[in-house]
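Breakdown of the fold
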Amino acid sequence: METIPGSGARKAALKMLDAVLRRGETLEQAGGAANGLPSFADRALARAISGEVLRWLVDLDALIDGVTAKELPDDAKPRMVLRMMLAQWLRLETPPHAIVATALPLLAGGPKRLAHGVFATLTRAEAKLPDVPTLPPEVAERWGERAEAIAGGLAQPPSLDLTLRSEDAGEGLEGPSLAPLHRRLPRGTRVEDLPGYDDGAWWVQDLAASLPVRLLGAGEGRKVLDLCAAPGGKTLQLAAAGWNVTALDNSSRRLERLRQNLTRTGLSADIVEADAMGWEPDELFDAILLDAPCTATGTCRRNPDVIHRIGPRQIEAMAVLQTQLLERAVNWLAPGGRLVYAVCSLEHEEGEDIAAKCELTPDPIVAEELPAGLRPTPEGWLRTHPGLLAEHGGMDGFFLARFKG
Ligand SMILES: C[S@@+](CC[C@H](N)C(=O)[O-])C[C@H]1O[C@@H](n2cnc3c(N)ncnc32)[C@H](O)[C@@H]1O
């Protein structure tokens, strides 16, 4: 039985961090540790603590190392508990006495005094975090000249972006619109409380994630293949834009969520559960969206685990899969049709390098098609990242390229 209020959330956060940093699980997978918590508030707290530790890991470690005589091993439990204590104090504004009461029991039978001493030293010294999280050196190197701007966008979890089924569907939603059928609401908004939730008038989708479908235009009843479709944010957009959608994915669990999304919004699509590497269509498509599986490093604001989990091995494996999927998809496009290749990755190996190898004719993206403030690259591609549209709260990282058949 839980004796100290909130200690269940801290236990779950510790398990989640362990799963991400030691076993390489995604934060979403690791979030299962919080599912058993009885209250919404506890589940949200466990996610907030683990998310803030991962977002500020390098800076939290620098604070810890600055006051310990002997460096704690990277995977030592006291280091993990101290990271959590500091994230709660410096990011979640939890009072130090409450942090001590809930964190030290996590070290039962272990070096409680050490953790207490380090935390007390840092609170007495009024330790601070920098304005912007420091990226691990290998990640900063990979992201090159964009790294500083991306880190700036990473400092806060993102706002809540909604895509509307139609402009009328936005009635009662207070927030700026950065593109047609888009609303931006403050971070932490509970979607269940918003008007239109029960009628499926909108769905949650980052502004950047809504761009691939915008580049295919109005469907007017034509046939589109949404290859790699689940859980279906882009399927919904395509159906709402008048496309006759075939939504294919190889994950039955994710397709179940796609089905639920269609039911909630009253939109429709033909669902195909198949491996795109073996499947063949009966006829060609007027448009194809390949929203390929990727390392998802572009979602680092909401999934800061990617900063620590993803490296050259995962990037290379994804690039092989993406190349194979695109090589198949190009055969299924009708003459004169359009294909959009998209990944929510910040890595050029998964974006620019794949587009450069595609055998189809490029169909360059032009600035007029994009939300104000975004520009295509000289090649006619679009590269977004969390440092863009910073004055409006940023956006996820995506790479988009369009081709014609
Ligand atoms: C980036 S996610 C798609 C997100 C989706 N388009 C959306 O907007 O909600 C990539 C998807 O590719 C699927 N996938 C991965 N490999 C696949 C394959 N060989 N055949 C079909 N689907 C695959 C995964 O199950 C995953 O749902």
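Residues numbered from 1 in each chain as written. Predicted model: local features only at pLDDT ≥ 70, side-chain atom pairs only at ≥ 80, totals over all residues.

Which entries qualify depends on this criterion: UniProt positions are given in the numbering used here, feature names are shortened, and annotations may be inferred rather than shown by experiment.
Labelled according to an unreviewed UniProt entry, the protein appears under the name SAM-dependent methlyltransferase, originating from Aurantiacibacter marinus. The record held by UniProt for the protein lists under Sequence similarities (unreviewed entry) the comment "Belongs to the class I-like SAM-binding methyltransferase superfamily. RsmB/NOP family."

1. Things to note about the UniProt feature "domain: SAM-dependent MTase RsmB/NOP-type" (unreviewed entry) in the protein
Under the convention used in this document: Secondary structure elements follow DSSP: runs of H or I no shorter than four residues count as helices, runs of E no shorter than two count as strands, and numbering proceeds from the N terminus.
In the numbering used here, UniProt assigns the feature "domain: SAM-dependent MTase RsmB/NOP-type" (unreviewed entry) to residues 129-405. Secondary structure across residues 129-405 comprises 25% helix and 21% strand; the distance between its end C-alpha atoms is 51 Å.

2. Considering the site of the ligand
Heads up, the rule is: Placing the C-beta atom from the backbone, one calls a residue near a molecule or strand if that atom lies within 6 Å of it. In the scheme used here, Gly and all other residues not listed as nonpolar or charged are polar, with Ala, Val, Leu, Ile, Met, Phe, Trp, Tyr, Cys and Pro taken as nonpolar and Asp, Glu, Lys and Arg as charged.
Surrounding the ligand, one finds 16 residues, the nearest of these being Cys228, Asn250, Ser251, Ala276 and Asp291. Each residue belonging to the shell around the ligand can be placed in one class, and the counts come to seven nonpolar, four polar and five charged.

3. So, the pairing of strand β1 (residues 160-164)
Sheet faces and side chains relate simply in a regular strand, where the side chains alternate between the two faces. Just so we agree on the cut-off: With C-beta atoms placed from the backbone, the exposure class of a residue follows from how many other C-beta atoms lie within 10 Å of its own: 20 or more, buried; 12 or fewer, exposed; in between, partly exposed. In short, DSSP must find at least two bridges between two strands for them to pair.
By the criterion of burial, β1 is predominantly enclosed, with four of the five residues buried. Strand direction decides the pairing type here: β1 and strand β2 (residues 182-185), joined by four bridges, are antiparallel. For Thr163, the partnering residue across the bridge sits in β2 and is His182. Pairing of β1 with strand β3 (residues 202-204), which is carried by three bridges, proceeds in the antiparallel orientation. For Leu162, the partnering residue across the bridge sits in β3 and is Val204.

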